[in-house]
Amino acid sequence: NINLLEKKLKQFTKSKYCITVSSGTDALLVSLMSLGLKKNDEVITSAFSYISTAEVILNIGCKPVFVDIERETSLINLSELKKKITNKTKAIIIVSLFGIVQDLKPIKNYLKKRKITIIEDAAQSFGTKLGKKVSCNLSDIGCTSFFPTKSLGAYGDAGAIFTNNKKIYQSSLAIRQHGQNKKYNSSRLGISARMDEVQAIILLEKLKIFKKELYLRKKLAQRYDDFFKKNKIKNYIFTING
């Protein structure tokens, strides 16, 4: 069921590789570990995210560098991000929030001559599209969560890593199972981060109706939008929070 789920998830995101893991946090952790980062390397990320994003950076001995967000979207400010890039920058974790993803072309073009890996923390955006591209396949590595509150939720913790890079795939595959390149032969430091078979079975069933669920979510969101426009309510989130 794990193998079948990975195949289905690859097809959904149009990614070459998928590695299922035990949580969205472990997806981020395994991804960073696969890059072979060194102590005190810098990883840039959003100042507005769940603690996991910064936590995994610190757990591998790297330094998190925070960038402020755009008021309109709550996504990382790409102009400010460019200012934070130094010779110590080895990776950037872009956080997709509230189902909103970011056009990463400007930052990709900017980084063309630099060896900096872009990771999308897509815990809140699995299923979102940007043109013909799908969230989790917008950057070098995409990480998502299947926690029960997410758009595609399991009945407990679960997550996945997506990439088109074979080297990252092979490293992540080994790391999620104690660094094993084959059974009982650990060639590198790893962790225990396998997804449970039971969660895979549940996700396979829920994938069958996932597109319909996304349609219904969008339909419900449109009703809210129409209500706010009709009643001329602007920036209601900020109004509620004073």
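First, a word on what this report is: a plain description of the structure on this page. (Residues numbered from 1 in each chain as written. Predicted model: local features only at pLDDT ≥ 70, side-chain atom pairs only at ≥ 80, totals over all residues. Heavy atoms only, no water.)

What about the overall build of the protein?
Scanning the protein from terminus to terminus reveals 9 helices and 11 strands. When the backbone C-alpha atoms are referred to their principal axes, the protein occupies close to 65 × 45 × 30 Å. Evaluated residue by residue, the protein yields a buried proportion of 47% over its 242 residues. Each charge class in the protein was averaged separately, 43 positive and 20 negative side chains, and the resulting centres sit 7 Å apart. (Helix = DSSP H or I, 4+ residues; strand = E, 2+ residues; numbered from the N terminus. Buried < 20%, exposed > 50% of the residue type's maximum accessible area, 1.4 Å probe, protein only. Lys, Arg positive; Asp, Glu negative; His and termini not counted. Charge placed at Lys NZ, Arg CZ, Asp CG, Glu CD.)

Digging into the pairing of strand β2 (residues 42-46)
The element β2 is extensively covered by neighbouring structure, given that 5 of its 5 residues are classed as buried. In terms of strand pairing, β2 meets strand β3 (residues 63-67) through 5 bridges, oriented parallel. Within β3, the position partnered with T45 by the bridge is F66. Pairing between β2 and strand β4 (residues 89-95): 4 bridges, direction parallel. Paired with E42 across the two strands is T89, which belongs to β4. (Pairing = 2+ DSSP bridges.)

Here's the deal with helix α3 (residues 52-59)
Every buried residue of α3 is accounted for by S52, T53, A54, V56 and I57. Buried positions along α3 lie against α2 (24-34), β2, β3, β4 and β5 (117-121). (Contact = heavy atoms within 4.5 Å.)

Details of the pattern of salt bridges
The final tally for this structure, using the stated rule, is 3 salt bridges. Notably, a salt bridge pairs R176 with E6, separated by 3.0 Å at the nearest N-O pair. Of this pair, R176 sits in the loop between α6 (166-175) and β10 (180-182) while E6 is found in helix α1 (residues 2-13), placing the two residues 170 residues apart along the sequence. For E6, a relative accessible area of 8% translates into the label buried. For K83, the salt bridge identified is with E80, shortest N-O distance 3.1 Å. Of this pair, K83 and E80 are both found in helix α4 (residues 78-84), 3 residues apart, which corresponds to roughly one turn of the helix. (Salt bridge = Lys/Arg side-chain N within 4 Å of Asp/Glu carboxyl O.)

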